[in-house]
Amino acid sequence: MNSVTQPFVHPSRLAVDEATDLPTLHSFGELSDFLRGAVADEDSRMFSESMGALAAQAEVIAAQLQVDRHRDRAAPLLMDMLTVLREHRGMVVNLGLAWRGLYEYAVYLQALNNFRVLIGQWLRPGPWDEDLAVTADDFALIAWRTLGEGMLLIDMYEQWLQREQHEEAGSALGELEPPQLKRVLQWWQKLRR
């Protein structure tokens, strides 16, 4: 019996292919599944659920565009995507100050706006166009870029949370009484040897 053990991956981190050192996400569905497990707090949970809905809608559209780009069948899906984008953007705009203080926050909002504008352009018909101007590959490229910006925002927020928790733990040392502080410092010195 040959069993291969998979390395442990923290639920808020993506698995990485050892050969390429790149994340192993291959579909919008896998991204949506990952987002459900990457929750640091309530804001993260709401963000992840909303971004998961965005990824799920993107997967539906990419699949449809692979099969058929006819305006009558593909345009309603893109209109649904605009609705999901609008709802997601509304949720992002209402995130707390910690999120809005991150550089990646503004970049992600811009990516969402750009995605919305592109969808509007793709929906605008030419005089004799029966098919949408966007291909499945073009749509997937923009969707992955946008979702990638969201993933970066989540990662930076989690790093910020870890720094905050670390600083809070560090400040607890300053609150110790002198005998307790002495024991902590002695213990720390033993660890460093």
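Coordinates for the structure precede this section.
Predicted model only: the values in this text are computed from it and were never measured.

Caption draft 1: Here's a closer look at the nonpolar core. F47, L78, M81, V92, F115, I119 and F139 are the most contacted members of the largest nonpolar core, which totals 41 residues. Of all the secondary structure elements, the ones that give two or more residues to this core are α2 (42–67), α3 (71–93), α5 (103–123) and α6 (136–174). In contact with F139, other than residues within four places in its own chain, are A58, I61, A62, L65, L78, M81, F115, W122 and V134.

Caption draft 2: Inspection of the pattern of salt bridges at higher detail. Under the defined criterion, the tally for this structure stands at three salt bridges. A salt bridge links E42 to R45; the shortest N-O distance between them is 2.3 Å. Taken together, the residues span about one helical turn, with E42 and R45 both in helix α2 at a distance of three residues. The partly exposed category is assigned to E42, whose relative accessible area is 44%.

Caption draft 3: Spotlight on a negative patch on the surface. Residues D72, D129, E130 and D131 make up a contiguous surface patch of negative charge. Along the chain, E130 turns up in the loop between α5 and α6. With relative accessibility at 53%, the residue E130 sits in the exposed group.

Caption draft 4: Spotlight on the side chain of H88. With respect to the helices and strands, the residue H88 is situated in helix α3. With sequence-adjacent residues up to four places away left out, H88 is seen in contact with F47, S50, M51, L54, Y108 and L112.

Caption draft 5: Highlighting the packing of α3 against α5. At a minimum axis separation of 10 Å, α3 and α5 run at an interaxial angle of 160 degrees. On the basis of their axis angle, the class for α3 and α5 is roughly antiparallel. Both α3 and α5 take part in a crossing whose hand is left-handed. Counted together, R71, A75, L78, M79, M81, L82, L85, H88, R89, V92 and V93 of α3 and Y105, Y108, L109, L112, N113, F115, R116, I119, W122 and L123 of α5 form the full contact between these two elements. Class assignment for the residues of the contact of α3 with α5 results in 16 nonpolar, two polar and three charged.

Parameters at a glance
Residues numbered from 1 in each chain as written. Predicted model: local features only at pLDDT ≥ 70, side-chain atom pairs only at ≥ 80, totals over all residues. Heavy atoms only, no water. Core = buried A, V, L, I, M, F, W, Y, C linked by side-chain atoms within 4.5 Å. Buried < 20%, exposed > 50% of the residue type's maximum accessible area, 1.4 Å probe, protein only. Helix = DSSP H or I, 4+ residues; strand = E, 2+ residues; numbered from the N terminus. Contact = heavy atoms within 4.5 Å. Salt bridge = Lys/Arg side-chain N within 4 Å of Asp/Glu carboxyl O. Patch = residues over 30% accessible without salt bridge, like charges linked within 9 Å, V, L, I, M, F, W, Y side chains within 5 Å. Areas by Shrake-Rupley, 256 points an atom, 1.4 Å probe, with all protein chains shown as cover. Lys, Arg positive; Asp, Glu negative; His and termini not counted. Charge placed at Lys NZ, Arg CZ, Asp CG, Glu CD. Axes fitted to C-alpha atoms, helices over the stretch in contact; angles between N-to-C directions. Parallel < 35°, antiparallel > 145°, perpendicular 65-115°, else oblique. Left-handed = near helix turned anticlockwise from the far one by under 90°. Nonpolar A, V, L, I, M, F, W, Y, C, P; charged D, E, K, R; others polar.

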